[in-house]
Amino acid sequence: MCFQLPVLLLAALFFFSACNKKQGTDFDSHESKVTTVQCTTPTIKESEQLAAQIESELILFAQQIISGALPDSLSDNKEWSQFSNRFINSSEQSRNVKASVFEIRHEGNIVQTVARIEMKARLKNQNYFGLITQLKSSWSKNEDEQLKVLEIGDPEQTVLNESPVLWFSDETDRLTAKEPTFTEHLSRGLDFWLKRIESIHGIDAFINNGMALGDFDGDGRDDIYVCQPGGLPNRLFLHQADNTILEAPKKTGANYLDHTSSALFIDIDNDGDQDLTLATPAGIVLLENDEHQSFIERGILQTDEVDCHSLSATDFDMDGNLDLLITFALGSRSLDDDSSFRFDDARDGGSNQLFRGDGEWSFSEVTALCGLSEANDRHSLAASWHDYDLDGDPDLYIANDYGQNQLYRNDARDGSRFFSEIANEIGIEDRGAGMSVSWADYNRDGLPDLYVGNMYSNAGKRITGLSEFMPKNKELTKHYRRFAKGNTLFKQEKNGGFIDSGSATTMGRWAWSSVFADLNNDGWEDLIVANGYISGPRPDDL
Amino acid sequence: MPLGNSGIGPGLDGSDPARQLQEYVRRGASFSGSEAHVVFNNEKGSFKNVSSITGLDSKDDGRSVCFTDWDLDGDLDIWISNRNGPQIRFFQNSNPSDGHGINIHLSGKSCNRDAIGARVILKVRDNLPQTRTVTAGSGFLAQSSKTLHFGLAKEDVIEEIKILWPNNKAQIISNIVPGNYHIEQGSDPVEFKVRSNEIEKGPNPFQETFNDRTFLSQRLPLAAFFGRPPEAKDKPLLICLTVEDCKICAVQKKEWEVSPPTGVHLQLISEPTLALSDPEKLQLIQLIYDHFFDVSEREIPTPISFLIDKKNRLCAIYRGHIDQNLLLEDCINININGSQLRSRSVPFIGIWASKQISSVRPLDFVEDLLDADLLDLAANYINKEINSLKEDELFPMLLKRLEALKSDRATP
């Protein structure tokens, strides 16, 4: 089999859909450059064009429903009429609709789709109301490629929500109003800075920067450290008595300018205050908290790679000193034949590194010593420590892009210094575009469960579902389908294995942090998924 | 899945879709952008999409999510970081249900002081246990508060809290009411109090105002393109491009008519629109404007000015109106180098962990010209800068590429 296929498929997954939805004319000249790619599987392209058209039609349909103008053909349909009635007299400005076609089938001139419709509005009684439903629809196309709706199916798997108040309110402006650096710097997004800071400083269009909470000044309130790309200073904001934030004085020594992917507030020297560690291409920067007033740089742990991502701390050997794990996405090693990149199983990632804390600000690099160097070649975007098997020592889960994830079981409690990689054994390899790890006992059965953030793509689902998509390689098709599926909730069983708990929590869109937390104080841990890849300055979306 | 720098190699026919996708984004297109955050409510173990009523379904490009009971009112508030601006957002919990919660901050004694790895199991009457673990680093590039939070619904007495410290010692606390607690390993819970914050705050001594100019950390030779009038021999040159129908351009020109910029020789190019009479020149200006940055083909703001030193090298790019004092300062500092230059080339002050900036290849700019099919300009540039260019080991390959492109063009 040709190894270059995955690259074509990458194009299929994202690129075909990209070209069809363009609204601007700016891209015309570039489109012509890549026609060779498009023409190789024209049926997918056509299919995507139809999907885009049907999506537009369904948006019109949803707008009719939400504005109470049910199409004549559906006036007898109880369920659609009911939905439409709910929105009667809702505030017009508050109405919001979205339609996403995620399945498409072609039979001659008939096109059948499954789509998700999302609608929300503020009702007459001032309540917030939201509706998510799925519907099947079928369409016919005539010789001029004009679409005509044949049938709109009944709403399925409908989710309704109504609440007199929103659970959360955006208080960013109030909290940051007193801090001028917020306006000057953080109110502007990456796209603004990309055109103002030379890329040589370590800033690029695809860079990701994290955030950490911890009590730097010892007042009992969490402060916030915001990581930045190269050329922009990281910012430490102190939590004020009135809950607003003000930046710590410059002399605090927190304004690092190197690209910082993530940071952690931890008490490295066990002296009762919060030190700070930063993941940067120059290594892990160790900063000692000095009397709650400033940071003293206590060294930089040199790393082998530069494309750093997640930083996490644990005490894996339970000697009382915290240890640090840093993950890397890209690796510096190049494949022998660079066309052999495996989109579904990339093995050219950077090696993650474990640093054991030995006290007194000294650390030892123990990746190989602990057995973590095996298969340590994936694009690792996220990691989190948790004693999943309740044996008293923290285990490690790593979410990898372009391939399967890893669970390293720690047996330190039994005297072993080696980790064992057992993700496949216990069923949580989750082959996808892993980007986030969160552990919790969501069903309160005492066993830790796992939520993994992945990519969800309507276009990906549509294309990989087509019979024209890789007809000769069913195995790989399965992987690609998995790739577009979205997040996974793994429930732990009594036997120590995990099962995928189904589709209710997969649709997190292009997911990044996908995490458990009890948001409504009912004692059950909910899930929030922060998503969206890149909203560029142009309106067209790939 | 961050596609950038993904290292995906070329596909069939030498095409490289991953790179093409990257280029689209670099030119400003969106890619799965403007997506609304998703929230699933856990209803006794099964989940329901409640995004629309949470107020969290913002369309930011979210990345990190950090939880903390910021206002210590018993429920979790959320900080989310974004790729777009504002880069951080705070969401305050205003959940209508009157359920309350308990916050527990642990500190270890015979284990690590942060008690990272400690597991806390909370039991209320006739209810299933809840478990939380002290963690440092979870989700994507995020660290939430190390203070553990439990939602208690309507319960007002907690029967038991069991703490399993990282060194496997268990501690049990009975009959405690909702609130904020600090528990030191082996001791009884004490009410968690915030103290006055003693750090000397005051205003920062540095005014951090962003000036819309880039003082470059690298010097780009441009003698091949810009002539230098004799009267500008001993001064830096400021080339400023203005267009009609641009308020700031008019303001800037008027200002300079009254008091010309000091310390530089001003060369004003006034055009009706950005579509210059000479399209090749516009393309060149766009190339120079794009050369240093990861993104390209973004619209050039007007007025746009380039500061060029006596050796005909580009030193700074100004967008919009130029602050006279800043320009003067830049001229004074035009020859700085090393760490001084590195500091001046970023918009805000700070500390570098890395010792030095990676070096640039003068060759790269010629590559840009070739990519843009400006072969004559590239040839001129090579002639003019041959001395510095030929030191690069890739120089012979560059010449080969130029020749190949030339012969491609010659054959119809």
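Residues numbered from 1 in each chain as written. Chains lettered and ligands numbered in written order. Predicted model: local features only at pLDDT ≥ 70, side-chain atom pairs only at ≥ 80, totals over all residues.

Participant: Is there a simple way to think about the confidence of the model for chain A in this case?
Facilitator: Close inspection of predicted coordinates is inappropriate in any region flagged by low pLDDT. All names here are of chain A. Mean pLDDT for chain A: 89, with 90% of residues reaching 70 or above. Per-residue pLDDT stays below 50 along residues 1-9; that stretch engages in 20 contacts with residues further than four places along the chain or on separate chains. Taken together, the stretch residues 15-42 has pLDDT below 50 and engages in 39 contacts with residues farther than four places along the chain or on a different chain. (pLDDT = per-residue confidence, 0-100. Contact = placed C-beta atoms within 7 Å.)

Participant: I'm lost on unusual backbone geometry in this one. Help?
Facilitator: With the exception of glycine, the majority of residues adopt a negative phi angle, and the majority of peptide bonds are in the trans configuration. For the peptide bond that leads from glycine 85 of chain B to proline 86 of chain B, omega is -5 degrees, which places it in the cis range. Within the secondary structure, proline 86 of chain B is located in the loop between strand S4 (77-82) and strand S5 (88-93). Even without glycine at this site, glutamine 126 of chain A takes up a positive phi of about 75 degrees. Despite not being glycine, arginine 444 of chain A shows a phi value in the positive range, around 55 degrees. Position of arginine 444 of chain A relative to the elements: it lies in the loop between strand S23 (436-440) and strand S24 (449-453). Taking the C-beta count within 10 Å as the criterion, arginine 444 of chain A has 19 such neighbours and is therefore assigned partly exposed. (Helix = DSSP H or I, 4+ residues; strand = E, 2+ residues; numbered from the N terminus. Buried ≥ 20, exposed ≤ 12 C-beta atoms within 10 Å, placed from the backbone.)

Participant: Explain the interface of chain B and chain A here, please?
Facilitator: The extent of an interface is frequently quoted as the accessible surface area lost upon association of the parts. Taken residue by residue, the interface counts 149 residues in chain B and 170 residues in chain A. Here the side of chain B that touches chain A is built from residues that sort into 62 nonpolar, 64 polar and 23 charged. Alignment of strand S28 (residues 526-531) of chain A against strand S1 (residues 38-43) of chain B, held across three bridges, turns out to be antiparallel. Its bridge partner lying in S1 of chain B, isoleucine 528 of chain A is registered against valine 39 of chain B. (Nonpolar A, V, L, I, M, F, W, Y, C, P; charged D, E, K, R; others polar. Pairing = 2+ DSSP bridges.)

Participant: What is the right way to look at the packing of helix H6 (residues 363-371) of chain B against helix H9 (residues 395-410) of chain B in this model?
Facilitator: Packed helices, taken two at a time, are described by the angle between their axes plus the distance between the axes. All names here are of chain B. Packing of H6 against H9 leaves a shortest axis separation of 11 Å and a crossing angle of 10 degrees. Considering their axes alone, H6 and H9 lie roughly parallel with respect to each other. The hand of the H6/H9 crossing is left-handed. Where H6 abuts H9, its residues Leu363, Val366 and Leu370 lie against Phe395, Leu398, Arg401, Leu402 and Leu405. Partitioning the contact of H6 with H9 into residue classes produces seven nonpolar, no polar and one charged. (Axes fitted to C-alpha atoms, helices over the stretch in contact; angles between N-to-C directions. Parallel < 35°, antiparallel > 145°, perpendicular 65-115°, else oblique. Left-handed = near helix turned anticlockwise from the far one by under 90°.)

Participant: Please clarify how the sheet that holds strand S27 (residues 511-517) of chain A should be interpreted in this entry.
Facilitator: One key point about sheets: their strands pair by backbone hydrogen bonds, in either a parallel or an antiparallel sense. With respect to topology, four strands assemble into an open sheet ordered S27(A)-S28(A)-S1(B)-S2(B), the strand pairing being antiparallel. Looking along the sheet, the strands with just one partner apiece sit at the ends: S27 of chain A together with strand S2 (46-49) of chain B. Pairs of neighbouring strands in the sheet enclose a mean axial angle of 20 degrees, with direction left out of account. Note that S1 of chain B and S2 of chain B share four bridges and pair antiparallel. Bridging across to S2 of chain B, asparagine 41 of chain B finds its partner in lysine 48 of chain B.

Participant: Would you mind going over the nonpolar core with me for this structure?
Facilitator: General note: in soluble globular proteins, nonpolar side chains tend to be found buried as a group. Formed by 223 residues in total, the largest nonpolar core has its most connected members in Ala62, Met211, Tyr225, Ile284 and Ile528 of chain A together with Trp79 of chain B. Among the elements that take part in this core, helix H4 (residues 42-66) of chain A stands out by supplying nine residues, more than any other. When near neighbours in sequence (up to four residues on either side) are disregarded, tyrosine 225 of chain A contacts Met211, Ala212, Asn234, Leu236, Ala254, Ala263, Phe265 and Leu276 of chain A. (Core = buried A, V, L, I, M, F, W, Y, C linked by C-beta atoms within 7 Å.)

Participant: How should helix H5 (residues 78-86) of chain A be read in this particular structure?
Facilitator: Helical geometry: 3.6 residues make up each α-helical turn, so side chains three or four residues apart lie on a common side. Residues and elements named next belong to chain A. Considered for burial, the residues of H5 that qualify are Trp80, Phe83 and Ser84. The buried side chains of H5 occupy one side of the element, clustering within an arc of 100 degrees when seen end-on. Summarising the geometry of H5, the exposed residues directed more than 90 degrees from the buried face are Lys78, Gln82 and Asn85. (Arc of directions from axis to C-beta.)

Participant: Sorry if this is basic, but what is going on with the pairing of strand S10 (residues 148-151) of chain B here?
Facilitator: All names here are of chain B. Of the two faces of S10, the one holding Leu148 and Phe150 and the one holding His149 and Gly151 are both buried throughout. Pairing geometry for strand S6 (residues 101-107) and S10, over four bridges, is antiparallel. Across the sheet, isoleucine 104 pairs through a bridge with leucine 148, a residue of S10.

Participant: I tried to follow the packing of H6 of chain B against helix H7 (residues 375-384) of chain B on my own but got confused; where do I start?
Facilitator: All names here are of chain B. Two elements in contact, H6 and H7, have axes whose closest approach is 8 Å; the angle formed by their N-to-C orientations is 160 degrees. By the angle class used here, H6 and H7 are roughly antiparallel. Considering the relative orientation of H6 and H7, their crossing is left-handed. Residues Val366, Leu369 and Leu370 of H6 pack against Leu377, Ala378, Tyr381 and Ile382 of H7.

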